[in-house]
Amino acid sequence: MAFGIGINAQKADDGVVRGIQREVACECWFTSSGKVTPLMIKVQDEDGEIRVIRQIVVHSREKKMYAGIPSIEFNCTLTILEQAIPAKLIYYQTESRWVLNYTP
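About the criteria used
- Residues numbered from 1 in each chain as written.
- Predicted model: local features only at pLDDT ≥ 70, side-chain atom pairs only at ≥ 80, totals over all residues.
- Heavy atoms only, no water.
- Core = buried A, V, L, I, M, F, W, Y, C linked by side-chain atoms within 4.5 Å.
- Buried < 20%, exposed > 50% of the residue type's maximum accessible area, 1.4 Å probe, protein only.
- Helix = DSSP H or I, 4+ residues; strand = E, 2+ residues; numbered from the N terminus.
- Contact = heavy atoms within 4.5 Å.
- 1 Å grid on protein atoms, 1.4 Å probe; cavity = no way out; pocket = protein on both sides within 12 Å on 5 of 7 lines; lining within 4 Å.
- Points joined across faces, edges and corners; volume = space filled by probe spheres on them.
- Nonpolar A, V, L, I, M, F, W, Y, C, P; charged D, E, K, R; others polar.

> Quick one: what's the story with the nonpolar core, residue by residue and with numbers?
In this structure, I41, F74, L78, L89, W98 and L100 are the most contacted members of the largest nonpolar core, which totals 17 residues. Elements with a contribution of two residues or more to this core: strand 1 (20-30), strand 2 (36-44), strand 5 (69-80), strand 6 (83-92) and strand 7 (97-102). The greatest single-element share of this core, amounting to four residues, is contributed by strand 5. Apart from residues lying up to four places away in sequence, L100 is in contact with I20, Q21, R22, V24, I41, L78, A87, K88 and L89.

Here's what the structure looks like:
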């Protein structure tokens, strides 16, 4: 009989990220306790032009594991050309890399 004695106590993997992903540069604030807050992102659009997005509203943040890689997922609303777009900003901690994930 096995009643959860801690053998499989590791955090479950959240699978793969779905939607469109874009590599972004992100200006962020790290508090003394290690909490991350994105302030501004730069992303290259379809025409090859670099766009700056400063209006970021973070609704929630959650630590996740994607394909075994620890990350922090920010559920956000971005304002681009006066249009509010729901999106996720994902920070891959081990790689110090940011991606923007959205569904068209």
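From this point, things continue past the structure.
> Explain the environment of V99 to me, and be specific about the residues and the numbers.
Position of V99 among the secondary structure elements: in strand 7. Filtering out sequence-adjacent residues up to four positions away, V99 remains in contact with Q21, R22, E23, V24, K88, L89, I90 and Y92.

> Tell me about the side chain of S71, and name the residues and values.
Looking at the secondary structure, you find S71 in strand 5. On the accessibility criterion, S71 (1% relative accessible area) is buried. Beyond its immediate sequence surroundings of up to four residues, S71 is in contact with E62, K63, K64, Y66, I90, Y91, Y92 and Q93.

> Can you tell me about the layout of surface pockets, naming the residues and giving the values?
Reported here for the largest pocket is a volume of approximately 470 Å³. Secondary structure elements with two or more residues in the lining of the largest pocket: strand 2, strand 3 (50-53), strand 5, strand 6 and strand 7. Residue composition of the lining of the largest pocket, by class: 10 nonpolar, four polar and five charged.

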